Amino acid sequence: MPTGLLAAALSYALWGLFPLYFHQVAEVPAFEIVLHRSVWSLVFVLGLLTVMRRWAWVGGLLRQPRTLLVFGASALLLSTNWVVYVWAVNNGRVMEASLGYFINPLVNVALGMVFLHEKLRAPQRWALAVAAAGVAWLTWTAGVPPWIALALAFSFGLYGLLRKTAPLGALEGLALETALLAPLAVPALAWLSSHGGALSHASPATWGWLLFAGPLTAVPLLMFAYGARRVTMATLGLLQYLAPTIQFALAVWVFHEPLKPERLVGFVLIWIALALYSAESLWRLRQPAPATA
């Protein structure tokens, strides 16, 4: 298997398996887990940058206030996404979390249309309409919108929109994002640890799992960045469904979350939308390039 394809597939598979990790630290509140994730990710990526001697980008940051502003916003979106996702997993809502990442590719299309003025082809418009019907059905049957799924889809979609035009790579970008969060995360974690937080009475195993959040966050991102440069966009677009598919399977067969038939209808509509979107994208990319004079 080509190394790029393997790296990209493994990154999505690891993201799909994240609920298993968060169940290991289910006793820790979601906000506190995110603080640990932010702090230990920073420690891990700073270590990587030191080993790889990739510090040249830091010098120009103070002369680029727009870059700092963009990454401040992306750090806020990323931490919001983390809090919602961890809360969902720790409260038995893995299925709804997986729905968020099934919706995310279509949210990306909509954001591209609104903010980047990208033109939608007819099949893409139909895919968005079918997905919207699925969300509307889930809202009607539950009586409330699937806010976890929508929060995850839009926070990660907006995060991707910001990172699309950001000048830093995956490692440097994650380092800057976690560094911008550090002035809040480090004091908050220290205060919680000294005022009855999870670490004040955690077992050594829980300590180890929380420290493991650093490499667990950074490694899939680095694998994704490596793979994304070596596979086609069509392949990457199909691989991204690995994560929510694995999460959905875990929700049903490992965590035994209920899947009512009427709720399944909403999922099926969204899967139809994704199939339509993916098929159109594959067909489009396989068309020969127009001849030039």
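In this text the structure is predicted, and so the values were computed from the model without any measurement.

### Describing the overall build of the protein
So, step 1. The secondary structure content of the protein amounts to 12 helices and zero strands.
So, step 2. In sequence order, the protein lays out its α and β elements as α-α-α-α-α-α-α-α-α-α-α-α.
So, step 3. Relative to a compact globule of 293 residues, whose C-alpha radius of gyration would be 19 Å, the protein shows 20 Å and is just as compact.
So, step 4. The buried share of the protein, reckoned over its 293 residues, is 46%.
So, step 5. For the protein, the exposed area adds up to about 14900 Å²; of that, 72% sits on carbon and sulfur atoms.
So, step 6. Taken as two groups, the 17 positive and 9 negative side-chain charges of the protein have centres that lie 13 Å from each other.

### Topic: the confidence of the model for the protein
So, step 1. Scored by pLDDT, the protein comes out at a mean of 85, with 95% of its residues at no less than 70.
So, step 2. The weakest mean pLDDT in the protein belongs to helix α10 (residues 233-239) at 65; the strongest belongs to helix α2 (residues 30-52) at 93.

### Quick word on α2
So, step 1. Look at α2: 32 Å from first C-alpha to last across 23 residues, which is about the 33 Å you get at 1.5 Å a residue.
So, step 2. After α2 finishes, the residue R53 shows a positive phi value of roughly 55°.

### Some remarks on the layout of surface pockets
So, step 1. Of the voids in this model, the second largest pocket is the one considered here, and its volume is about 370 Å³.
So, step 2. If you go around the second largest pocket, you meet 17 residues; those closest to its centre are R93, E96, L138, A142 and R263.
So, step 3. Elements supplying a minimum of two residues to the lining of the second largest pocket: α4 (94-115), α5 (122-142) and α12 (261-286).
So, step 4. At four residues, α5 tops the list of elements feeding residues into the lining of the second largest pocket.
So, step 5. Split by residue class, the lining of the second largest pocket holds eight nonpolar, three polar and six charged.

### A short note on the packing of aromatic side chains
So, step 1. The full count for this structure, using the stated rule, is 18 aromatic pairs.
So, step 2. Both rings, one in F248 and one in F267, keep their centres 5.2 Å apart while their planes meet at 55°; by these two values the pair is tilted. Residue F248 is located in helix α11 (residues 242-254), and its partner F267 is located in helix α12; the two are separated by 19 residues in the primary sequence. F267 shares its class with F248; the two are buried.
So, step 3. Seen from their ring centres, F267 and W271 are 5.8 Å apart, and the 55° between their planes marks the pair as tilted. A residue pair is termed a helical-turn pair when its members lie 3 or 4 positions apart in one helix, as F267 and W271 do in helix α12 at four residues.
So, step 4. By relative accessible area, which is 1% here, F267 ends up buried.
So, step 5. Classification of W271 by relative accessible area gives partly exposed; the value is 28%.

### Some points on the nonpolar core
So, step 1. Counting residues in hydrophobic clusters, the biggest one holds 73 residues, and the most contacted among them are F22, Y85, I103, L106 and I270.
So, step 2. In terms of residues, this core owes the most to one element, α4, which gives 11 residues.
So, step 3. In terms of nonpolar packing, the next biggest core, distinct from the first, is built from five residues, L35, V39, L189 and L192 among them.

### Brief notes about a nonpolar patch on the surface
So, step 1. The grouping of L17, L20, W253 and V254 at the surface amounts to a nonpolar patch, some 400 Å² of accessible area in total.
So, step 2. For the nonpolar patch, the elements supplying multiple residues, two or more each, are α1 (3-24) and α11.
So, step 3. Along the polypeptide, L20 turns up in helix α1.

Basis of the calculations
Residues numbered from 1 in each chain as written. Predicted model: local features only at pLDDT ≥ 70, side-chain atom pairs only at ≥ 80, totals over all residues. Heavy atoms only, no water. Helix = DSSP H or I, 4+ residues; strand = E, 2+ residues; numbered from the N terminus. Rg over C-alpha atoms; globule rule 2.2 N^0.38 Å. Buried < 20%, exposed > 50% of the residue type's maximum accessible area, 1.4 Å probe, protein only. Areas by Shrake-Rupley, 256 points an atom, 1.4 Å probe, with all protein chains shown as cover. Lys, Arg positive; Asp, Glu negative; His and termini not counted. Charge placed at Lys NZ, Arg CZ, Asp CG, Glu CD. pLDDT = per-residue confidence, 0-100. Expected span 1.5 Å × (residues − 1). 1 Å grid on protein atoms, 1.4 Å probe; cavity = no way out; pocket = protein on both sides within 12 Å on 5 of 7 lines; lining within 4 Å. Points joined across faces, edges and corners; volume = space filled by probe spheres on them. Nonpolar A, V, L, I, M, F, W, Y, C, P; charged D, E, K, R; others polar. Phe/Tyr/Trp six-rings, centres within 6.5 Å; stacked < 30°, edge-to-face > 60°. Core = buried A, V, L, I, M, F, W, Y, C linked by side-chain atoms within 4.5 Å. Patch = residues over 30% accessible without salt bridge, like charges linked within 9 Å, V, L, I, M, F, W, Y side chains within 5 Å. Salt bridge = Lys/Arg side-chain N within 4 Å of Asp/Glu carboxyl O.

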